[in-house]
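Fold and geometry: a report
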Amino acid sequence: MRFSRVLRAGAVAVAAGLALAACGSGNSGSGGGGGGGGGSNPSLTIGIKFDQPGLGQKTPSGYEGFDVDVATYIAKELGVDASNIDWVEAKSADRETLIKNGDVDFIVATYSITDKRKAEIDFAGPYFVAHQDLLVRKDETSITGPDSLNGKKLCSVTGSTSAQRVKDEFAGKVDLQQYGGYSECLTGLESGAVDALTTDDTILAGLAAANEGKFKLVGKGFSDENYGVGLKKGDTAQRDKINAAIQKMEESGAWAAAVEKHLGPAGYPTPKPPAITEK
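Attention in this report is confined to the structure presented alongside it. (Residues numbered from 1 in each chain as written. Predicted model: local features only at pLDDT ≥ 70, side-chain atom pairs only at ≥ 80, totals over all residues. Heavy atoms only, no water.)

Another point: empty space enclosed by the protein. Taken as a whole and assessed by the stated rule, the structure comprises one cavity of 30 Å³ or more. In this structure, the largest cavity encloses a volume near 60 Å³. What lines the largest cavity is a set of 13 residues, and nearest its centre among them are Thr110, Ser160, Thr161, Tyr182 and Asp200. If you list the elements that add at least two residues to the lining of the largest cavity, you get helix 5 (161-169) and strand 11 (196-200). In the lining of the largest cavity, the residues fall into two nonpolar, seven polar and four charged. (1 Å grid on protein atoms, 1.4 Å probe; cavity = no way out; pocket = protein on both sides within 12 Å on 5 of 7 lines; lining within 4 Å. Points joined across faces, edges and corners; volume = space filled by probe spheres on them. Helix = DSSP H or I, 4+ residues; strand = E, 2+ residues; numbered from the N terminus. Nonpolar A, V, L, I, M, F, W, Y, C, P; charged D, E, K, R; others polar.)

Grouped together as the largest cluster of nonpolar side chains are 50 residues, with contacts concentrated most on Ile46, Phe106 and Phe128. It is helix 2 (residues 66-77) that provides the largest number of residues to this core, a total of seven residues. If near-sequence neighbours (up to four positions away) are discounted, isoleucine 46 is found in contact with Ala71, Ala75, Ile85, Asp86, Trp87, Val88, Val104, Phe106 and Val108. Of all hydrophobic cores here, the second largest spans 10 residues; its members include Ala90, Leu98, Val104 and Ala109. (Core = buried A, V, L, I, M, F, W, Y, C linked by side-chain atoms within 4.5 Å. Buried < 20%, exposed > 50% of the residue type's maximum accessible area, 1.4 Å probe, protein only. Contact = heavy atoms within 4.5 Å.)

Across all of its chains, the model carries one disulfide by this definition. The disulfide bridge from cysteine 155 ends at cysteine 185, spanning 2.1 Å between sulfur atoms. Residues cysteine 155 and cysteine 185 are joined through a disulfide that is left-handed, its torsion about the S-S bond being -75°. Taken together, the residues cysteine 155 in strand 9 (residues 153-157) and cysteine 185 in helix 6 (residues 182-191) connect sequence positions 30 residues apart. What makes cysteine 155 buried here is its relative accessible area of 0%. A relative accessible area of 1% means that cysteine 185 is categorised as buried. (Disulfide = S-S within 2.5 Å.)

One pass over the structure, following the stated rule, counts 11 salt bridges. One salt bridge connects glutamate 169 with arginine 165, and the closest N-O pair in it is separated by 3.6 Å. With a gap of four residues between them, glutamate 169 and arginine 165 both fall in helix 5, about one helical turn apart. For glutamate 190, the salt bridge identified is with lysine 214, shortest N-O distance 3.1 Å. Residue glutamate 190 is found in helix 6, and its partner lysine 214 is found in the loop between helix 7 (201-210) and strand 12 (215-217); the two are separated by 24 residues along the sequence. (Salt bridge = Lys/Arg side-chain N within 4 Å of Asp/Glu carboxyl O.)

On to the layout of surface pockets. In this model, the second largest pocket occupies a volume close to 360 Å³. Forming the boundary of the second largest pocket are 18 residues, of which Lys116, Arg117, Gly159, Ser160 and Gln164 lie nearest the centre. Of all elements in the fold, only helix 4 (115-118) and helix 5 reach the threshold of two or more residues within the lining of the second largest pocket. Residue contributions to the lining of the second largest pocket peak at seven residues, all from helix 5. A breakdown of the residues in the lining of the second largest pocket according to their chemical character gives two nonpolar, seven polar and nine charged.

On to the packing of aromatic side chains. One pass over the full model with this rule turns up 11 aromatic pairs. When the centroid spacing of 6.1 Å and the interplanar angle of 40° are considered together, the rings of phenylalanine 66 and tyrosine 127 count as tilted. Of this pair, phenylalanine 66 sits in helix 2 while tyrosine 127 sits in strand 7 (residues 122-130), and the two are 61 residues apart along the sequence. Tyrosine 127 carries the same exposure label as phenylalanine 66, and that label is buried. Between phenylalanine 128 and tryptophan 255, the ring centres sit 5.9 Å apart and the planes meet at 35°, which makes this aromatic pair tilted. Here tryptophan 255 lies in helix 9 (residues 254-262) and phenylalanine 128 lies in strand 7, a separation of 127 residues in the sequence. (Phe/Tyr/Trp six-rings, centres within 6.5 Å; stacked < 30°, edge-to-face > 60°.)

Attention now moves to the environment of aspartate 86. Within the secondary structure, aspartate 86 sits in strand 5 (residues 85-89). On a C-alpha basis, the gap between aspartate 86 and serine 43 in space is 7.6 Å, while along the polypeptide they are 43 residues apart. Ignoring any residue separated from it by four or fewer positions in sequence, one finds aspartate 86 in contact with Leu44, Thr45 and Ile46.

Along the polypeptide, threonine 199 turns up in strand 11. Looking at threonine 199, its side chain comes within polar contact range of the side chain of serine 162, at 3.5 Å. Contact partners of threonine 199, with chain neighbours within four places excluded, come to His131, Gln132, Asp133, Ser162, Tyr182 and Leu204. (Polar contact = N/O pair within 3.5 Å; in protein donor to acceptor, adjacent residues only side chain to side chain.)

Note that all results are geometric; they support no functional claim without further evidence.
The following block contains the structure:
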């Protein structure tokens, strides 16, 4: 049982716990059980990106990045140890579905707060403000910003706000190609199949740092992307708890430390944390 469902199913959890005790069950290491009885370990299922260096990346030793640190901090404030987090890949096109189906408790995955998404789910935060930008090959000189994209081939990820903005603002001017993940866009950029990758500057900075000497960030941001924690529609109690955790992370200095650790090596300056607006 996930942590967010514990209060709603407390009576069932207690009854189940008594039944297990009567049967002499000795399984105490399970990630389920969510705090309903003595000695149980609450758990959370959290959606993150698996292919974003500096933000959310799956590695041979686990998961790392700024979003991972934010999610882990929130989990701690909700009473869940890092070892009891079940990480799930949340691709851009799948995020609302994962939340609505109950496959995750919440998502921390460079998830921009938009009115369209808020019609389907709720957000806590924001916990960061990024800006859409462009990543190009190191020797590229013709692309200097959004005004120089006419006739260019751009790559972005299906279901992202970046892809939607290109459709809305550059229709007929650029050739937009969409893929399921950023690694596919990078492959196309390196081979010359596309001229630029467009998404949030945080993501691009991480990709550039992970591929040193191959790509460069143009550095002409043309949007504000408010990253929020996505959760089920109407779950105001959980949203309030997550907001409190974000606020504590920012005030304690842990937020700035996480930004510096994961984005600083790519030359990304540590900004001021944003004010929480989703209440």
